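Summary of structural features
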Amino acid sequence: MTNAQKRRFASYWKKEYEATLKINSLQADLEKAEILGLPKARIKSRIASWRTKQTQSLKVIESMIEKGEVSEDAASECKDVLGNLYGYVADCYHCLYLDSVAA
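In this report, we go over the structure that sits alongside the text.

What counts and how
Residues numbered from 1 in each chain as written. Predicted model: local features only at pLDDT ≥ 70, side-chain atom pairs only at ≥ 80, totals over all residues. Heavy atoms only, no water. Helix = DSSP H or I, 4+ residues; strand = E, 2+ residues; numbered from the N terminus. Expected span 1.5 Å × (residues − 1). Buried < 20%, exposed > 50% of the residue type's maximum accessible area, 1.4 Å probe, protein only. Contact = heavy atoms within 4.5 Å. Phe/Tyr/Trp six-rings, centres within 6.5 Å; stacked < 30°, edge-to-face > 60°. Core = buried A, V, L, I, M, F, W, Y, C linked by side-chain atoms within 4.5 Å.

**Here's the deal with helix α1 (residues 3–36)**
- The terminal C-alpha atoms of α1 lie 49 Å apart, and with 34 residues this matches the ideal 50 Å at 1.5 Å per residue to within 8%.
- Restricting attention to buried positions, one finds in α1 the residues Lys6, Phe9, Ala10, Trp13, Glu16, Ala19, Thr20, Ile23, Leu26, Leu30 and Ala33.
- Buried residues belonging to α1 abut α2 (41–66), α3 (74–77), α4 (79–82) and α5 (86–102).
- Glycine 37, located one to two residues past α1, shows a positive phi value of around 70 degrees.

Following this line, the structure appears as structure tokens:
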């Protein structure tokens, strides 16, 4: 992988991770709203928006896999660029890679 590909790979994983954290936080807010009988439409809308962002990031990563820009070991190759996200990416990427290659 080139340095540019490593940075792009890491960038989209960072976006995916950010979206995942936000979705989880909003899911907790939605559960509280349901328990307290508060309006939920705005929270649901924000969850949908963040899911779109998450999906877009994953589609770029899948595209990189399909084009052969990244290998099965991409997470390890990008460990220095991923920093603290390495463990998260290593856990998630392998399944994504296998699904993309099998498709």
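**Here's the deal with the packing of aromatic side chains**
- The full count for this structure, using the stated rule, is six aromatic pairs.
- Centre to centre, the rings of tryptophan 13 and tyrosine 93 are 6.5 Å apart; their planes meet at 80 degrees, and the pair counts as edge-to-face. Highlighted residues: tryptophan 13 in helix α1 and tyrosine 93 in helix α5, separated in sequence by 80 residues.
- By relative accessible area, which is 1% here, tryptophan 13 ends up buried.
- When its relative accessible area of 1% is taken as the criterion, tyrosine 93 is described as buried.
- Their ring planes at 50 degrees and their centres at 5.8 Å tell us that tyrosine 93 and tyrosine 97 sit as a pair that is tilted.

**Some points on the nonpolar core**
- With 16 residues, the main nonpolar core has Phe9, Trp13, Val89 and Tyr93 as its most contacted residues.
- Those elements giving two or more residues to this core turn out to be α1, α2, α3 and α5.
- Broken down by element, the residue count for this core peaks at four residues, all from α5.
- With sequence-adjacent residues up to four places away left out, tryptophan 13 is seen in contact with Leu58, Ile61, Leu82, Leu85, Tyr88, Val89, Cys92, Tyr93 and Leu96.
- Residues Leu30, Ala33, Ile47 and Trp50 belong to the second largest nonpolar core, which totals eight residues.

Remember, this is a structural readout, not a statement about activity or role.
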